[in-house]
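The primary structure of each chain is shown beneath.
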Amino acid sequence: MDMYVSISNLSANYKKNVILKSISLTVEKGQSICILGENATGKSTLLKCICKLKKYGGEIKYKKDLKIFYLPQDNILLDELSVRDNLRLFIDKYDEKVDNDMRDEFSISDILNVKVKNCSGGTKRKISLFIALVQRYDLLVLDEPFVGLDADNRRMILQKLSEMVDNGASIIYTTHLSDAVDMAKQKFNLKNGILEVL
(Lines give C-alpha, C1' and ligand atoms only; values in the text may rest on other atoms or scores of the structure.)
Protein backbone atom coordinates (compact mmCIF):
# COMPACT_ATOMS: atom_id res chain seq x y z
CA MET A 1 0.00 0.00 0.00
CA ASP A 2 1.08 3.59 -0.65
CA MET A 3 1.74 5.52 2.56
CA TYR A 4 0.21 9.00 2.49
CA VAL A 5 0.86 10.13 6.08
CA SER A 6 2.83 8.54 8.91
CA ILE A 7 2.37 9.97 12.42
CA SER A 8 4.76 8.97 15.20
CA ASN A 9 4.51 9.92 18.89
CA LEU A 10 2.47 13.04 18.20
CA SER A 11 1.75 15.26 21.17
CA ALA A 12 0.10 18.68 21.37
CA ASN A 13 -0.89 21.21 24.00
CA TYR A 14 -3.71 23.68 24.32
CA LYS A 15 -2.50 26.54 26.48
CA LYS A 16 -0.81 24.59 29.29
CA ASN A 17 -2.90 21.44 28.98
CA VAL A 18 -1.62 18.35 27.16
CA ILE A 19 -4.44 17.25 24.88
CA LEU A 20 -2.71 14.75 22.57
CA LYS A 21 -0.30 12.14 23.94
CA SER A 22 2.04 9.90 21.93
CA ILE A 23 -0.34 9.36 19.02
CA SER A 24 0.84 7.14 16.17
CA LEU A 25 -1.19 6.57 13.02
CA THR A 26 -0.53 5.61 9.41
CA VAL A 27 -2.79 6.76 6.58
CA GLU A 28 -2.47 4.73 3.40
CA LYS A 29 -3.95 5.14 -0.04
CA GLY A 30 -7.66 4.27 -0.20
CA GLN A 31 -8.29 4.45 3.57
CA SER A 32 -11.24 5.99 5.36
CA ILE A 33 -10.59 6.77 9.01
CA CYS A 34 -13.16 8.05 11.48
CA ILE A 35 -12.09 9.65 14.75
CA LEU A 36 -14.71 9.69 17.48
CA GLY A 37 -14.65 11.33 20.88
CA GLU A 38 -16.43 13.71 23.20
CA ASN A 39 -16.27 17.46 22.65
CA ALA A 40 -12.98 19.11 23.64
CA THR A 41 -10.97 15.86 23.52
CA GLY A 42 -8.58 17.13 20.82
CA LYS A 43 -10.11 15.78 17.61
CA SER A 44 -9.90 19.13 15.83
CA THR A 45 -6.39 19.67 17.17
CA LEU A 46 -5.26 16.33 15.74
CA LEU A 47 -6.64 17.22 12.31
CA LYS A 48 -4.93 20.64 12.43
CA CYS A 49 -1.62 18.96 13.31
CA ILE A 50 -1.97 16.62 10.33
CA CYS A 51 -2.52 19.66 8.10
CA LYS A 52 0.44 21.58 9.61
CA LEU A 53 -1.85 24.21 11.11
CA LYS A 54 -0.80 23.65 14.72
CA LYS A 55 2.52 23.11 16.47
CA TYR A 56 3.14 19.60 17.74
CA GLY A 57 5.76 17.31 19.17
CA GLY A 58 6.70 14.05 17.49
CA GLU A 59 6.96 13.44 13.76
CA ILE A 60 4.63 13.50 10.77
CA LYS A 61 5.92 12.26 7.41
CA TYR A 62 4.06 12.83 4.13
CA LYS A 63 4.17 11.24 0.73
CA LYS A 64 5.96 13.55 -1.68
CA ASP A 65 3.60 16.02 -3.41
CA LEU A 66 0.61 14.83 -1.34
CA LYS A 67 -2.44 17.00 -2.07
CA ILE A 68 -4.50 17.63 1.09
CA PHE A 69 -7.86 19.38 1.48
CA TYR A 70 -8.79 20.48 4.99
CA LEU A 71 -12.36 21.36 5.94
CA PRO A 72 -12.62 22.84 9.45
CA GLN A 73 -15.81 22.93 11.51
CA ASP A 74 -16.16 26.64 10.84
CA ASN A 75 -17.53 28.03 7.60
CA ILE A 76 -14.77 28.51 5.00
CA LEU A 77 -16.91 30.41 2.49
CA LEU A 78 -16.88 34.18 2.04
CA ASP A 79 -20.32 35.43 3.09
CA GLU A 80 -20.32 38.57 0.94
CA LEU A 81 -19.64 36.65 -2.28
CA SER A 82 -22.15 34.68 -4.31
CA VAL A 83 -22.08 30.89 -4.35
CA ARG A 84 -20.66 31.00 -7.89
CA ASP A 85 -17.86 33.39 -6.89
CA ASN A 86 -16.97 31.18 -3.92
CA LEU A 87 -16.77 28.15 -6.21
CA ARG A 88 -14.53 30.07 -8.61
CA LEU A 89 -12.37 31.19 -5.70
CA PHE A 90 -11.87 27.73 -4.21
CA ILE A 91 -11.92 25.49 -7.28
CA ASP A 92 -8.98 25.72 -9.66
CA LYS A 93 -10.21 25.93 -13.29
CA TYR A 94 -13.81 25.92 -12.05
CA ASP A 95 -15.42 26.24 -15.50
CA GLU A 96 -13.50 23.23 -16.83
CA LYS A 97 -13.77 20.96 -13.81
CA VAL A 98 -17.33 21.25 -12.54
CA ASP A 99 -19.85 19.01 -14.19
CA ASN A 100 -23.45 20.16 -14.08
CA ASP A 101 -24.81 16.78 -13.02
CA MET A 102 -22.80 16.80 -9.80
CA ARG A 103 -23.77 20.41 -9.17
CA ASP A 104 -27.41 19.41 -9.58
CA GLU A 105 -26.96 16.48 -7.16
CA PHE A 106 -25.79 18.96 -4.56
CA SER A 107 -28.71 21.30 -5.37
CA ILE A 108 -26.29 24.13 -6.07
CA SER A 109 -27.26 25.04 -9.64
CA ASP A 110 -30.29 27.08 -8.58
CA ILE A 111 -28.45 29.16 -5.99
CA LEU A 112 -25.29 30.14 -7.88
CA ASN A 113 -26.17 33.85 -7.78
CA VAL A 114 -27.24 33.85 -4.11
CA LYS A 115 -24.88 35.45 -1.60
CA VAL A 116 -23.50 32.90 0.82
CA LYS A 117 -24.65 34.99 3.80
CA ASN A 118 -28.24 34.23 2.73
CA CYS A 119 -27.68 30.45 2.72
CA SER A 120 -28.49 28.16 5.66
CA GLY A 121 -25.74 26.48 7.66
CA GLY A 122 -26.51 23.14 6.01
CA THR A 123 -26.31 24.65 2.52
CA LYS A 124 -22.96 26.28 3.35
CA ARG A 125 -21.66 22.91 4.51
CA LYS A 126 -22.91 21.25 1.35
CA ILE A 127 -21.15 23.85 -0.83
CA SER A 128 -17.91 23.34 1.13
CA LEU A 129 -18.11 19.57 0.66
CA PHE A 130 -18.84 20.06 -3.04
CA ILE A 131 -15.59 22.07 -3.27
CA ALA A 132 -13.72 19.20 -1.57
CA LEU A 133 -15.24 16.48 -3.73
CA VAL A 134 -15.07 18.08 -7.15
CA GLN A 135 -11.28 18.38 -7.06
CA ARG A 136 -8.69 15.62 -7.10
CA TYR A 137 -7.13 15.48 -3.66
CA ASP A 138 -5.15 12.57 -2.27
CA LEU A 139 -6.29 13.16 1.31
CA LEU A 140 -9.42 14.83 2.64
CA VAL A 141 -9.25 15.94 6.28
CA LEU A 142 -12.81 16.75 7.35
CA ASP A 143 -13.79 18.09 10.78
CA GLU A 144 -17.45 17.27 11.54
CA PRO A 145 -18.33 17.46 7.82
CA PHE A 146 -21.95 16.34 8.23
CA VAL A 147 -23.11 18.91 10.78
CA GLY A 148 -26.24 20.69 9.57
CA LEU A 149 -26.98 18.20 6.77
CA ASP A 150 -30.23 16.27 6.63
CA ALA A 151 -30.25 12.48 6.26
CA ASP A 152 -30.70 12.53 2.46
CA ASN A 153 -27.79 14.88 1.89
CA ARG A 154 -25.62 12.89 4.30
CA ARG A 155 -26.35 9.70 2.38
CA MET A 156 -25.53 11.34 -0.95
CA ILE A 157 -22.25 12.80 0.32
CA LEU A 158 -21.24 9.58 2.10
CA GLN A 159 -21.76 7.77 -1.22
CA LYS A 160 -19.54 10.32 -3.01
CA LEU A 161 -16.85 9.99 -0.34
CA SER A 162 -16.97 6.18 -0.59
CA GLU A 163 -16.50 6.43 -4.35
CA MET A 164 -13.45 8.66 -3.82
CA VAL A 165 -11.95 6.11 -1.43
CA ASP A 166 -12.61 3.32 -3.95
CA ASN A 167 -10.68 5.40 -6.49
CA GLY A 168 -7.65 5.72 -4.21
CA ALA A 169 -8.24 8.88 -2.18
CA SER A 170 -8.04 8.73 1.61
CA ILE A 171 -10.25 10.43 4.16
CA ILE A 172 -9.82 11.27 7.84
CA TYR A 173 -12.93 12.69 9.45
CA THR A 174 -14.55 13.33 12.80
CA THR A 175 -18.24 12.84 13.48
CA HIS A 176 -20.73 12.12 16.23
CA LEU A 177 -23.39 10.77 13.82
CA SER A 178 -23.78 6.98 13.85
CA ASP A 179 -24.80 6.69 10.18
CA ALA A 180 -21.64 8.58 9.15
CA VAL A 181 -19.34 6.30 11.16
CA ASP A 182 -20.18 3.22 9.10
CA MET A 183 -18.34 4.44 6.00
CA ALA A 184 -14.97 4.27 7.79
CA LYS A 185 -12.76 1.24 7.29
CA GLN A 186 -10.92 2.17 10.49
CA LYS A 187 -12.46 3.71 13.60
CA PHE A 188 -10.67 5.31 16.53
CA ASN A 189 -11.76 6.93 19.77
CA LEU A 190 -9.82 9.88 21.17
CA LYS A 191 -10.02 9.99 24.96
CA ASN A 192 -7.71 11.57 27.52
CA GLY A 193 -5.26 12.38 24.75
CA ILE A 194 -4.94 8.74 23.67
CA LEU A 195 -6.10 7.38 20.28
CA GLU A 196 -7.66 3.93 20.72
CA VAL A 197 -8.67 1.51 17.98
CA LEU A 198 -12.36 0.56 18.04
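The rules behind these values
- Residues numbered from 1 in each chain as written.
- Predicted model: local features only at pLDDT ≥ 70, side-chain atom pairs only at ≥ 80, totals over all residues.
- Heavy atoms only, no water.
- Buried < 20%, exposed > 50% of the residue type's maximum accessible area, 1.4 Å probe, protein only.
- Helix = DSSP H or I, 4+ residues; strand = E, 2+ residues; numbered from the N terminus.
- Contact = heavy atoms within 4.5 Å.
- Polar contact = N/O pair within 3.5 Å; in protein donor to acceptor, adjacent residues only side chain to side chain.
- Pairing = 2+ DSSP bridges.
- Axes fitted to C-alpha atoms, helices over the stretch in contact; angles between N-to-C directions.

S.K.: So what about helix α1 (residues 43-50)? Which residues, and what values?
M.R.: Burial analysis of α1 places six of its eight residues in the buried class, the great majority of the element. Those residues of α1 lying buried are Lys-43, Thr-45, Leu-46, Leu-47, Cys-49 and Ile-50.

S.K.: Give a detailed account of the environment of Lys-43, specifying residues and quantitative values.
M.R.: As for its position among the elements, Lys-43 is in helix α1. Judged by relative accessible area, Lys-43 falls into the buried class, the value being 8%. For Lys-43 and Ile-19, which are 24 residues apart along the polypeptide, the C-alpha to C-alpha distance reads 9.3 Å. Setting aside its immediate chain neighbours within four residues, Lys-43 contacts Ile-35, Leu-36, Gly-37, Glu-38, Glu-144, Thr-174 and Leu-190. A polar contact is formed between the side chain of Lys-43 and the backbone oxygen of Gly-37, at a distance of 3.0 Å.

S.K.: Lay out the sheet that holds strand β1 (residues 3-14) with the relevant residues and their values.
M.R.: Spatial strand order, β2-β1-β4: three strands in an open sheet with antiparallel pairing. Of all strands in the sheet, those with a lone pairing partner are β2 (17-28) and β4 (57-62), marking the two edges. The sheet shows a mean angle of 15 degrees between the axes of neighbouring strands, taken without regard to direction. Pairing between β1 and β2: eight bridges, direction antiparallel. Opposite Tyr-14, over in β2, you have Asn-17 as the bridge partner.

S.K.: I'd love a proper account of the pairing of strand β3 (residues 32-36), names of residues and values included.
M.R.: Extensive coverage of β3 is indicated by the burial of five of its five residues. Burial along β3 is two-sided: Ser-32, Cys-34 and Leu-36 facing one way and Ile-33 and Ile-35 facing the other are all buried. In this structure, β3 lies alongside strand β7 (residues 170-174), joined through four bridges in parallel fashion. From the neighbouring strand, Cys-34 faces β7, where its bridge partner is Tyr-173.

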